[in-house]
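Listed below are the residues making up each chain.
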Amino acid sequence: MKAINPTVKKDPKRPTTDVAEIRKHARANVEDGAVTEGYRADREMVLRLLNESLATEMVCVLRYKRHYYMASGIHAQTAATEFLEHATMEQAHADRISERIIQLGGAPDLNPDTLTARSHAEYVEGSTLADMLRENLVAERIAIESYTEFIRYLGDADPTTRRMLEEILANEEEHADDLKTLMERFRDT
Ligand SMILES: [Fe+2]
Ligand SMILES: [Fe+2]
């Protein structure tokens, strides 16, 4: 009978077709769960960056929540609804990032003592609705730039994390666009 898996010369540019080798790798270090020999990224660095993203999302949740409760004035209702929607989405981002951290064998860092220092975005209260809108837009722009850099850094070394970050990035771009629209609408009235 012909061998199904003839020995294939190692070529880093092509996928491994040696099923026996893949099976051996899968059995070794089985306690690593989703992280296999094929994981090409620097896991420690990815975990550090994911925890920075998590801190950023949590600070954004808190800032949006504060703004949701504090929004007042003629346009408050529209803006407050938007702030609450964003807060809910940032929390969903934080949850997805935490799950990925666990999958990669890390631990989500939610220590409130160090949250703002690790976050890329800032917690700015803002005294007027215009301030709040601007601060949230700034924070979204920070998130957009951070995620874009993270995605560029990952390249194709960790496709799952990358796909998650791309989806989150698309949400942050929508948030920035929503805020810009609100700012323009308020300026015109
Ligand atoms: Fe987010
Ligand atoms: Fe956002």
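Residues numbered from 1 in each chain as written. Chains lettered and ligands numbered in written order. Predicted model: local features only at pLDDT ≥ 70, side-chain atom pairs only at ≥ 80, totals over all residues.

> Sorry, what's going on with the overall build of the chain here?
Each helix and strand in the chain was counted, giving six helices and zero strands. In the chain, the succession of helices and strands from N to C terminus is α-α-α-α-α-α. In terms of C-alpha radius of gyration, the chain reaches 21 Å, well past the compact-globule figure of 16 Å for 189 residues. Once the C-alpha set of the chain is aligned to its principal axes, its extents read approximately 80 × 35 × 20 Å. Here the chain holds 189 residues, and 26% of them are scored as buried. Within the chain, contacts between residues at least 6 apart in sequence are counted, and of these 71% link residues at least 24 apart. (Helix = DSSP H or I, 4+ residues; strand = E, 2+ residues; numbered from the N terminus. Rg over C-alpha atoms; globule rule 2.2 N^0.38 Å. Buried ≥ 20, exposed ≤ 12 C-beta atoms within 10 Å, placed from the backbone. Contact = placed C-beta atoms within 7 Å.)

> Got a minute to help me understand the nonpolar core in this structure?
Formed by 31 residues in total, the largest nonpolar core has its most connected members in V46, L50, L54, A71, A79 and L133. Counting only elements with at least two residues in this core, the list comes to α2 (43-70), α3 (76-103), α5 (129-154) and α6 (159-187). At 11 residues, α2 tops the list of elements feeding residues into this core. Among residues more than four places away in sequence, those in contact with L54 are A94, I97, S98, P108 and D109. (Core = buried A, V, L, I, M, F, W, Y, C linked by C-beta atoms within 7 Å.)

> What exactly am I supposed to notice about the packing of α3 against α6 here?
To describe two helices that pack against each other, one gives the angle between their axes and the distance between the axes. Running from amino to carboxyl end, α3 crosses α6 at an angle of 170°, the nearest separation of the two axes being 11 Å. On the basis of their axis angle, the class for α3 and α6 is roughly antiparallel. When α3 is examined against α6, the residues T78, A79, E82, H86, M89, H93, R96 and R100 are found in contact with a partner set consisting of T161, M164, I168, N171, H175, D178 and L182. Residue composition of the contact of α3 with α6, by class: five nonpolar, six polar and four charged. (Axes fitted to C-alpha atoms, helices over the stretch in contact; angles between N-to-C directions. Parallel < 35°, antiparallel > 145°, perpendicular 65-115°, else oblique. Nonpolar A, V, L, I, M, F, W, Y, C, P; charged D, E, K, R; others polar.)

> Got a minute to help me understand the environment of G33 in this structure?
Of note, G33 is situated in the loop between α1 (19-27) and α2. Placed 69 residues apart in sequence, G33 and I102 show a C-alpha to C-alpha distance of 9.9 Å. Other than its neighbours up to four places away in sequence, G33 contacts Q103 and G105.

> Whenever I open this one, α1 confuses me. Can you help?
Spacing of three or four residues puts side chains on the same side of an α-helix, whose turn is 3.6 residues. Burial of α1 is sparse: only zero of the nine residues sit out of reach of the surface. Just downstream of α1 lies N29, where phi reads positive at about 50°.

> Looking at this structure, I do not really get α5. What am I missing?
Its 26 residues place the ends of α5 37 Å apart at the C-alpha level, agreeing with the 38 Å of an ideal helix rising 1.5 Å per residue. Taken residue by residue, α5 has L129, M132, L133, N136, A139, E140, A143, S146, Y147 and L154 as its buried positions. On the buried face of α5, the contacting elements are α2, α3 and α6. Remark: G155 follows α5 within two positions and exhibits a positive phi of approximately 55°. (Expected span 1.5 Å × (residues − 1).)

> Help me out: how do you make sense of the packing of α2 against α3 in this one?
Running from N to C, α2 and α3 cross one another at 160°; their axes reach a closest spacing of 8 Å. In terms of orientation, α2 and α3 fall into the roughly antiparallel class. At the point where α2 passes α3, the crossing takes the left-handed sense. Looking at the contact of α2 with α3, its residues break down into 15 nonpolar, seven polar and four charged. (Left-handed = near helix turned anticlockwise from the far one by under 90°.)

> What am I meant to see in unusual backbone geometry here?
Only a minority of non-glycine residues have a phi that is not negative, and only a minority of peptide bonds are not trans. With phi around 50°, N29 is a residue other than glycine that occupies positive phi space. Relative to the assigned elements, N29 resides in the loop between α1 and α2.

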